[in-house]
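# A structural walkthrough
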Amino acid sequence: MSNRATSTGAKPPLYKIVMLGDSGVGKTSLVARLTNPDKPMNHDISATMGIEFDTQMLDTEHGKVKAQIWDTAGQERFARVLLPTYFRKAKGVILVYDITNAKSFDSLAERWMTQLNDHASSDDLAKLLVGNKSDLEASREVSREKAQQFCHEYGMEMLETSAKSGENVLKSFEKLIGIVHNRALEAASNAKGGIIGMNGANDGFKLQDGDNKSTDAGACGC
Ligand code: G3D
Ligand code: MG
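Scoring rules and cut-offs
- Residues numbered from 1 in each chain as written.
- Chains lettered and ligands numbered in written order.
- Predicted model: local features only at pLDDT ≥ 70, side-chain atom pairs only at ≥ 80, totals over all residues.
- Heavy atoms only, no water.
- Pairing = 2+ DSSP bridges.
- Helix = DSSP H or I, 4+ residues; strand = E, 2+ residues; numbered from the N terminus.
- Axes fitted to C-alpha atoms, helices over the stretch in contact; angles between N-to-C directions.
- Contact = heavy atoms within 4.5 Å.
- Near = heavy atom within 4 Å.
- Polar contact = N/O pair within 3.5 Å; in protein donor to acceptor, adjacent residues only side chain to side chain.
- Areas by Shrake-Rupley, 256 points an atom, 1.4 Å probe, with all protein chains shown as cover.
- Nonpolar A, V, L, I, M, F, W, Y, C, P; charged D, E, K, R; others polar.
- Core = buried A, V, L, I, M, F, W, Y, C linked by side-chain atoms within 4.5 Å.
- Buried < 20%, exposed > 50% of the residue type's maximum accessible area, 1.4 Å probe, protein only.
- Salt bridge = Lys/Arg side-chain N within 4 Å of Asp/Glu carboxyl O.
- Phe/Tyr/Trp six-rings, centres within 6.5 Å; stacked < 30°, edge-to-face > 60°.
- Lys NZ or Arg CZ within 6 Å of the ring centre and 35° of its normal.

## Remarks on the sheet that holds strand β3 (residues 63-72)
If you walk across this open sheet you meet the six strands as β2-β3-β1-β4-β5-β6, and the pairing is mixed. A single partner strand is all that each edge strand has here, and the edge strands are β2 (51-60) and β6 (157-160). Neighbour-to-neighbour, the strand axes of this sheet turn through a mean angle of 25°, independent of strand direction. Note: strand β5 (residues 126-132) against β6, four bridges, orientation parallel. By the bridge assignment for β6, Leu128 is matched with Glu157. Where helix α3 (residues 102-119) meets the sheet, it contacts β1 (14-20), β4 (92-98) and β5, and its direction lies at approximately 155° from that of β4. Of the strands in this sheet, β4, β5 and β6 are in contact with helix α4 (residues 144-154), which crosses β6 at around 155°.

Okay, here's the thing in structure tokens:
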């Protein structure tokens with residue numbers, strides 16, 4: 001059975017992914033670096049006051065997909081009210097800490113993983129751990145080993161990034177969206193009860209939603 005496009009001009013699938021982590025770890029800077037790779041980091045970026053999102057086309061091993069990246073303030077008083085909306089239909093999450101700030105790492109287990117489990121149907125939510133500010137090696141407070149232990153515990157992969165230099169920024173988003181896309185292809189394959197053709201599989205296939213309703217992969221999944 002083939003899963004190739006049945007019509008020309010089908011839109012690439014769109015997946016919602018969310019940024020999570022304490023205020024100041026660099027979530028907004030990472031998204032800005034991804035969407036404006038040539039622009040040096042904007043030091044005037046103020047703490048995000050609500051929810052906003054940006055979209056970015058990304059490459060995966062099975063074709064191009066569109067990521068809709070949601071970013072939040074990371075402040076409890078906003079987060080409490082907004083978390084259900086924030087997580088609704090998210091397919092992936094980037095958990096960000098600052099390698100120079102041990103507290104931001106501790107917050108992941110103490111706060112963000114709990115909120116994630118409370119508000120997201122985390123079974124089909126792909127997760128990636130990102131240790132940002134790798135350019136500040138001299139001020140490092142969180143060892144790679146400690147972060148790897150966290151990954152092992154929660155079953156996810158990790159990368160260290162620098163929104164300042166751009167190191168691993170694209171790679172991080174591509175890694176997460178690759179996992180998300182592979183899972184969607186697998187779910188579509190299972191739903192059809194057969195093996196799908198991977199080449200061009202992003203062209204017009206149907207995503208299997210968590211509630212077993214088929215949704216158009218070209219439409220927004222959020
Ligand atoms: P947030 O969205 O998680 O709250 P921001 O974090 O993106 O607003 O970044 C918080 C501060 O960290 C900003 O500094 C920003 O410039 C800085 N920052 C973000 N990423 C990096 C990085 O990779 N390396 C370094 N050295 N700094 C980074 P200011 O001073 O503007 O508050
Ligand atoms: Mg921000």
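From this point, things continue past the structure.
## Description of the site of ligand 1
Neighbouring ligand 1 are 18 residues; Gly24, Lys27, Ser29, Asp135 and Ala163 lie closest to it. Gly24 is positioned such that a nitrogen or oxygen atom in its backbone is 2.7 Å from an oxygen atom of ligand 1. Taking Asn132, its side chain carries an N or O atom lying 3.0 Å from a nitrogen atom of ligand 1. Here ligand 1 has 650 Å² of accessible area as a free molecule, and 79% of this is covered by the chains. The leading source of residues in the shell around ligand 1 is helix α1 (residues 27-35), at three residues. In the shell around ligand 1, the residues fall into five nonpolar, eight polar and five charged.

## Digging into the nonpolar core
Ranked by size, the top nonpolar core spans 48 residues in total, and within it Met19, Leu95, Tyr97, Leu129 and Phe173 carry the most contacts. A total of six residues in this core trace back to one element, the largest contributor, which is helix α5 (residues 169-192). Leaving out residues up to four positions away in the same chain, Leu95 has contacts with Leu20, Leu108, Trp112, Met113, Lys127, Leu128, Leu129, Val130 and Met156.

## Points about the pattern of salt bridges
By the definition in use, this model includes seven salt bridges. Between Asp98 and Lys133 there is a salt bridge whose closest N-O contact spans 3.3 Å. With Asp98 in strand β4 and Lys133 in the loop between β5 and α4, this residue pair connects regions lying 35 residues apart in the sequence. The exposure class assigned to Asp98 is buried, which follows from its relative accessible area of 5%. Taking the shortest distance from any N to any O, the salt bridge between Glu157 and Lys175 comes out at 2.8 Å.

## A closer look at the packing of aromatic side chains
Under the defined criterion, the tally for this structure stands at six aromatic pairs. When the centroid spacing of 4.6 Å and the interplanar angle of 40° are considered together, the rings of Phe150 and Tyr154 count as tilted. Here Tyr154 and Phe150 lie together in helix α4, a separation of four residues that amounts to about one turn. What links up through ring pairs into an aromatic cluster is the set Phe53, Trp70, Tyr86 and Phe87. Across the ring face of Trp70, the terminal group of Lys16 is positioned such that the distance to the ring centre comes to 3.7 Å.

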